[in-house]
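The residues making up each chain are set out below.
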Amino acid sequence: NLDPCLIDLELTESCLIEDEAAAIALITQFRQLGAQVHLDDFGTGYSSLSQLGRIPLDVIKLDRSFVRSINADTKAQALVRSMVAVAQELNFKVVAEGIETEEQRQHLLDLGVRKGQGFLFSPGLLADDFAQRLLETELVLSGRGSTRGQDVGDHAVVGAVGGASHHEIEGGDVQAGLVLRDI
């Protein structure tokens, strides 16, 4: 009885290239139900830019390898800037993975990334620990509202504020049991 709009399906680039037609059919079915589809570890696989235009995605998740060196590597900064520009033109949201420092967070903000995840926000949690965190933390059960003084926006779903490893970089949307905070 779970509302499909509460589900985010994450696929890796390799899933897309193995059988693009099957992947598109599956993604289309999930999106018709109201689920969002995320392309995980973007930039490290084998998908092409032309594929991005054909595949009905909602979010691309920038791989942590770009974030890790973003403070000192101008090439990493240029790649992230370019990936963000492409994502925006295609109406995809962007989530940066592996944010560990305030400096990385600030660089990502400067490059136009507004959502991220990583140890800066919370360590990864085992399933039992996450379930316990849900029991101990305010739950958001609808797409609108606020919790702990933070607006949860249009795509909020069941989750715990202040808990898991997925954050928006400025603000506070809860998504699929994980907190999204604006970076």
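For clarity, every value in this text was computed on a predicted model and none was experimentally measured.

### Topic: the overall build of the protein chain
What the protein chain contains, in helices and strands, is seven helices and nine strands. Across the 183 residues that make up the protein chain, the buried fraction comes to 44%. Sequence-distant contacts in the protein chain: of pairs separated by 6 or more residues, those separated by 24 or more amount to 50%. Accessible surface for the protein chain amounts to roughly 9300 Å². Of this, 52% is attributable to carbon and sulfur atoms.

### Observations regarding the nonpolar core
Grouped together as the largest cluster of nonpolar side chains are 27 residues, with contacts concentrated most on Leu57, Ile60, Leu62, Val80, Leu108 and Val113. For this core, the elements supplying multiple residues, two or more each, are β1 (8-12), α2 (20-33), β2 (36-42), β3 (59-62), α4 (64-68), α5 (74-89) and β4 (93-96). Ranked by residues supplied to this core, first place goes to α5 with four residues.

### Describing the pairing of β2
Counting buried positions over the seven residues of β2 gives six, a clear majority of the element. With five bridges connecting them, β1 and β2 associate as parallel partners. When the bridges of β2 are listed, Thr12 appears paired with Asp40. Examined bridge by bridge, β2 and β3 share three bridges and lie parallel to one another. Paired with Leu39 across the strands is Ile60, a residue of β3.

About the cut-offs
Residues numbered from 1 in each chain as written. Predicted model: local features only at pLDDT ≥ 70, side-chain atom pairs only at ≥ 80, totals over all residues. Heavy atoms only, no water. Helix = DSSP H or I, 4+ residues; strand = E, 2+ residues; numbered from the N terminus. Buried < 20%, exposed > 50% of the residue type's maximum accessible area, 1.4 Å probe, protein only. Contact = heavy atoms within 4.5 Å. Areas by Shrake-Rupley, 256 points an atom, 1.4 Å probe, with all protein chains shown as cover. Core = buried A, V, L, I, M, F, W, Y, C linked by side-chain atoms within 4.5 Å. Pairing = 2+ DSSP bridges.

In short, shape yes, function no, at least from these values alone.
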